[in-house]
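Structural description and commentary
This is what each chain is made of:
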Amino acid sequence: MQKQRFHFCHYLKMIPCLFLVSLFLTGCGYTAEEKVEMKRYEKQGKQNAMEYIEEKYGIRAKVQGVSCEKVNTAPIPDLWPAPTGKVRVNMKAGDKEFCVLISGEEETTEGYDDYQRDEITEALQREMAEQTGLEAEELFVSYGYYRSTDLADKRNCMVHTRYDGDNLRQILEENDFSVIYSYIDEDLSGIPTEKVMQEIGQGEYLLVSYRSGDDYKNSDNHDYNMGGYPLAYDIEHNGVFIREYYFFSGREDEYVVNHVGEYDGFYYLADDGSEVHFEQAKIDDPSNWDGRGFLKAGQVMEAYSISTDADRIVLYIPKTLLDPAEVKGVKVALQYKADGNTRYEGSLTFTTGRDNYLMTTVYMRDYEDMIFTVMRSEK
């Protein structure tokens with residue numbers, strides 16, 4: 001009890017310090033001069049945006065809102081990043097809402113906008129169908145102006161050049177584009193990648209074929225690493241639902257077929273489609289995992305040994321294999337031998353398939369007698 005009182009008093013002593021820090025932070029902010037300057041940016045930018053849209057598209061649009069673009073260049077996040085002089089103007093013409101990014105420092109009709117985003121997306125859909133003969137279930141695209149902390153973290157489809165129906169390739173290549181197409185049970189091996197890039201543009205493409213419509217619906221986010229690199233990063237998260245995928249660009253070309261295996265109700269993927277053998281096994285006493293990913297480990301699923309030549313495998317374990325009362329706070333537990341010694345660890349475990357599966361990667365190289373199970377910390 002004395003030890004607990006010590007910690008409580010210790011936290012009490014910290015309150016004045018935390019208050020002072022909070023007071024200091026709330027006392028900081030933009031100076032009066034900076035605020036006046038930003039108001040000037042917003043006023044000029046609003047006028048510029050209306051003239052820019054009218055000149056570019058021949059339409060009059062209403063302004064819905066204006067905010068200064070800000071960029072944080074410091075290694076430590078800045079609560080008050082410096083304005084760049086550009087402003088973001090949210091606009092509406094008829095029923096269509098869109099965004100303009102334009103300078104607020106001076107009069108100009110040079111800017112960026114996403115007014116034609118839907119048209120460009122539909123053109124990408126048509127062009128890919130024409131080149132491949134395949135109709136995509138869904139399309140994600142990323143291109144355009146990419147800088148601001150106020151705008152989305154991913155490239156935001158804001159461009160300067162007007163799309164006229166014939167310059168799709170020009171617009172995409174000017175704006176560093178990447179695109180993801182989702183298909184249902186399609187063979188992607190014959191995709192004419194060079195022709196696609198010649199007709200549509202040199203960018204990054206990820207084509208994903210899901211095993212079925214249900215697998216597509218049951219899988220998680222389909223935009224993967226859109227706007228980042230590599231585009232297919234973490235695609236194994238949905239691996240159990242994917243038949244195959246094709247990632248290609250001007251410098252890379254990777255076609256992958258997912259050889260999903262099943263054993264006793266759980267699923268697995270192995271590097272290069274290597275064979276994997278499982279057998280029911282017995283683990284050592286669960287207390288060996290205490291402090292290794294679990295407070296007080298308790299086994300909630302049968303244990304299985306793994307035998308394979310693959311360097312690694314990915315496991316997908318339906319939660320229906322576990323006792324429903326034991327589902328909360330579970331993770332995969334591993335037992336193996338390394339350098340002649342038995343090791344016990346809690347494997348980094350994620351959920352996938354709308355939170356219906358446990359997923360983990362098991363690295364086999366340099367290890368022997370690998371066994372896995374599922375455990376949870378008991379109360």
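Numbering of residues starts from 1 in each chain and follows the order in which that chain's sequence is written. Only residues with pLDDT of 70 or above have their local features reported here, since the model is predicted, and side-chain atom pairs are shown and tallied only from 80 upward, although totals for entire chains, interfaces and linings are computed over all residues. Think of the side-chain values as coming from all heavy atoms in the structure, minus any hydrogens and water.

1. Digging into the nonpolar core
Counting residues in hydrophobic clusters, the biggest one holds 28 residues, and the most contacted among them are Tyr181, Tyr205 and Leu207. Helix and strand labels come from DSSP, where a helix needs a run of H or I of at least four residues and a strand needs a run of E of at least two; each type is numbered from the N terminus. Of all the elements in the fold, those that place two or more residues in this core are α3 (117-132), β5 (138-142), α4 (168-174), β6 (178-184), α5 (193-199), β7 (204-210) and β8 (242-248). Residue contributions to this core peak at 4 residues, all from α3. Every residue in contact with Tyr205, bar those within four places of it in the chain, is listed here: Met128, Phe177, Val179, Tyr181, Val196, Met197, Ile200, Leu231, Tyr246, Phe247 and Phe248. The term nonpolar core refers to a set of buried residues drawn from Ala, Val, Leu, Ile, Met, Phe, Trp, Tyr and Cys, joined through side-chain atoms within 4.5 Å. We call a residue buried when its accessible area falls under 20% of the maximum for its residue type, exposed when it is over 50%, and partly exposed in between, using a 1.4 Å probe and counting protein chains only. Phe266, Tyr268, Tyr304 and Ile317 belong to the second-largest nonpolar core, a separate cluster that totals 25 residues. Residue contacts are defined here by distance: any two heavy atoms, one from each residue, within 4.5 Å place the two residues in contact.

2. Considerations on α3
What a helix is expected to span follows from its residue count: subtract one and scale by 1.5 Å. A rise of 1.5 Å per residue sets the reference length of α3, with its 16 residues, at 22 Å; its end C-alpha atoms lie 23 Å apart and thus fit the reference within 8%. Three or more residues of α3 are buried, namely Ile120, Ala123, Leu124, Met128, Ala129, Gln131 and Thr132. Here the buried face of α3 lies against β5, α4, β6, α5 and β7. Looking at the residues trailing α3, positive phi occurs at Gly133, about 80 degrees.

3. Structural notes on the pairing of strand β19 (residues 357-363)
When you tally the buried positions in β19, you get 6 out of 7 residues, the bulk of the element. Note that strand β15 (residues 312-318) and β19 share 7 bridges and pair antiparallel. Opposite Val314, over in β19, you have Thr361 as the bridge partner. As paired elements, strand β18 (residues 350-352) and β19 share 3 bridges and run antiparallel to each other. Strand pairing is assigned whenever DSSP detects at least two bridges linking the two strands.

4. Details of the pattern of salt bridges
Oppositely charged side chains are able to pair whenever their charged atoms sit close together. A pair is scored as a salt bridge if a Lys or Arg side-chain nitrogen falls within 4 Å of a carboxyl oxygen belonging to Asp or Glu. All told, the structure shown has 14 salt bridges when counted by the stated rule. Note that Arg243 is salt-bridged to Asp185, the shortest N-O span being 2.9 Å. Here Arg243 is found in strand β8, whereas its partner Asp185 is found in the loop between β6 and α5, with 58 residues between them in sequence. A relative accessible area of 43% places Asp185 in the partly exposed class. One continuous salt-bridge network, built from bridges that share partners, spans Asp185, Arg243 and Glu244.

5. Points about the environment of Asp234
With respect to the helices, strands and loops of the structure, Asp234 is situated in the loop between α6 (213-218) and β8. By relative accessible area, Asp234 is classed as partly exposed at 44%. A C-alpha to C-alpha distance of 6.9 Å links Asp234 and Tyr224, two positions 10 residues apart in sequence.

6. As for helix α2 (residues 32-57)
For α2, with 26 residues, the first-to-last C-alpha span of 37 Å sits near the 38 Å given by 1.5 Å per residue. Of the positions making up α2, those classed as buried are Met38, Tyr41, Gly45, Asn48, Ala49, Tyr52, Ile53, Lys56 and Tyr57. The inward-facing, buried residues of α2 abut β1 (62-71), β2 (82-93), β3 (96-103) and β4 (111-113). Two residues or fewer after α2 comes Gly58, characterised by a positive phi angle close to 70 degrees.

7. Some thoughts on the environment of Asp366
Position of Asp366 relative to the elements: it lies in the loop between β19 and β20 (368-377). What makes Asp366 exposed here is its relative accessible area of 67%. C-alpha of Asp366 to C-alpha of Asp311: the two residues are 55 residues apart in sequence and 8.7 Å apart in space.

8. Here's the deal with the packing of aromatic side chains
Side-chain rings of Phe, Tyr and Trp, where Trp is taken by its six-membered ring, are said to pair if the distance between their centres is within 6.5 Å; with planes under 30 degrees apart they count as stacked, over 60 as edge-to-face, and otherwise as tilted. Under the defined criterion, the tally for this structure stands at 21 aromatic pairs. Measuring from centroid to centroid gives 5.6 Å for Phe177 and Tyr205, while their planes differ by 90 degrees, and the two rings are edge-to-face. Placement of the pair is Phe177 in the loop between α4 and β6 and Tyr205 in strand β7, with a sequence separation of 28 residues. Three or more aromatic residues joined by ring pairs make a cluster, and in this case those are Tyr263, Phe266, Tyr268, Phe278, Tyr304 and Phe372.

9. Description of the sheet that holds β7
Taken together, 5 strands build an open sheet; the order of strands is β5-β6-β7-β8-β9 and the sheet is mixed. Looking at the sheet topology across the chains shown, the edges are occupied by β5 and β9 (253-257). Recorded for the sheet is a direction-independent mean angle of 10 degrees between the axes of neighbouring strands. Note: β5 against β6, 5 bridges, orientation antiparallel. Residue pairing for β6: Glu138 is matched across the bridge by Ser182. Only the stretch in contact is used when fitting a helix axis, every axis being a line fitted to C-alpha atoms; angles between N-to-C directions are given from 0 to 180 degrees.

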